[in-house]
Amino acid sequence: VIAMVVIGGTALTGGRGTILGTVLGVFILRVMRNGIVLIGVPGLAYNIFIGAIILGIITFASTVQRITGPLGLLLAHARALSHGRLDMRTEADLPDEFQELADAMNSAAASLNRVVNVSTVTADDVSNSARELANVSEQISALRFENRR
């Protein structure tokens, strides 16, 4: 029964499976069992075969988790950056290329953050200069008005 559920897609480490997946697992194992019986393989060989399938599925699921785990973390970082969270950093010990990608994303976020900060300072400087010019212009206008009298 466990083999049928695992082949149907439910993880042994916990998780959710579907009824359709379980039914598919039952169907696959029953077809395999019937095929093994038809070609005359003893019952012990069937059990070894099912064990090998379960080990293969566990290995496959573990590999998928090692790949999708870091990708999920990097995807969350990319989404945060796309929403303007330039302070976001991926601080994790990731495998090889994933770590390189995380470092590149962290570097890009830091660079963008610096650009935004420089732009903000520049905009503030321009705003302050505009206020000063407006004050000087008012003073000049007031002097001209007084000179006309």
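Residues numbered from 1 in each chain as written. Predicted model: local features only at pLDDT ≥ 70, side-chain atom pairs only at ≥ 80, totals over all residues. Heavy atoms only, no water.

Q: When you look at the overall build of the protein in this model, what are you seeing that I'm missing?
A: Counting secondary structure elements, the protein contains 4 helices and 0 strands. Looking at the protein as a whole, 19% of its 149 residues qualify as buried. Within the protein, contacts between residues separated by at least 24 positions form 38% of all contacts whose residues are at least 6 apart in sequence. (Helix = DSSP H or I, 4+ residues; strand = E, 2+ residues; numbered from the N terminus. Buried < 20%, exposed > 50% of the residue type's maximum accessible area, 1.4 Å probe, protein only. Contact = heavy atoms within 4.5 Å.)

Q: Could you clarify how one ought to interpret the nonpolar core in this entry?
A: Nonpolar side chains tend toward joint burial in soluble globular proteins. Within the largest apolar cluster, 8 residues are counted, these being Leu74, Leu81, Leu86, Leu94, Phe98, Ala102, Met105 and Ala109. Those elements that place two or more of their residues in this core are helix H3 (43-82) and helix H4 (96-148). Per-element accounting of this core gives the leading share, 4 residues, to H4. What Phe98 contacts, discounting residues up to four positions off in sequence, is Ile67, Pro70, Leu71 and Leu74. (Core = buried A, V, L, I, M, F, W, Y, C linked by side-chain atoms within 4.5 Å.)

Q: How should I be thinking about the pattern of salt bridges in this particular structure?
A: Opposite charge on two side chains lets them pair, provided their charged atoms get close. Enumeration over the complete set of coordinates arrives at 1 salt bridge. With a shortest N-O distance of 3.7 Å, Asp87 and Arg85 are connected by a salt bridge. (Salt bridge = Lys/Arg side-chain N within 4 Å of Asp/Glu carboxyl O.)

Q: Would you mind going over H3 with me for this structure?
A: Because the α-helix completes a turn every 3.6 residues, residues three or four places apart line up on one side. Here H3 contains 40 residues, and its C-alpha end-to-end distance of 57 Å stays within 8% of the 58 Å for a straight helix at 1.5 Å per residue. Those residues of H3 not exposed but buried are Tyr46, Ile50, Ile54, Pro70, Leu74, His77, Ala80 and Leu81. The first or second residue beyond H3 is Gly84, which carries a positive phi of 90°. (Expected span 1.5 Å × (residues − 1).)

Q: Explain the confidence of the model for the protein to me, please; I cannot follow it from the model alone.
A: Should the pLDDT be low somewhere, the predicted coordinates at that spot are not to be read in detail. Of the residues in the protein, 88% reach a pLDDT of 70 or more, and the chain-wide mean stands at 82. Per-element confidence in the protein is highest for H4, whose mean pLDDT is 89, and lowest for helix H1 (residues 2-7), whose mean pLDDT is 65. (pLDDT = per-residue confidence, 0-100.)

Q: Is there a simple way to think about a negative patch on the surface in this case?
A: Residues Glu91, Asp96, Glu97, Glu100 and Asp103 make up a contiguous surface patch of negative charge. Along the polypeptide, Glu91 turns up in the loop between H3 and H4. The exposed category is assigned to Glu91, whose relative accessible area is 67%. (Patch = residues over 30% accessible without salt bridge, like charges linked within 9 Å, V, L, I, M, F, W, Y side chains within 5 Å. Areas by Shrake-Rupley, 256 points an atom, 1.4 Å probe, with all protein chains shown as cover. Lys, Arg positive; Asp, Glu negative; His and termini not counted. Charge placed at Lys NZ, Arg CZ, Asp CG, Glu CD.)

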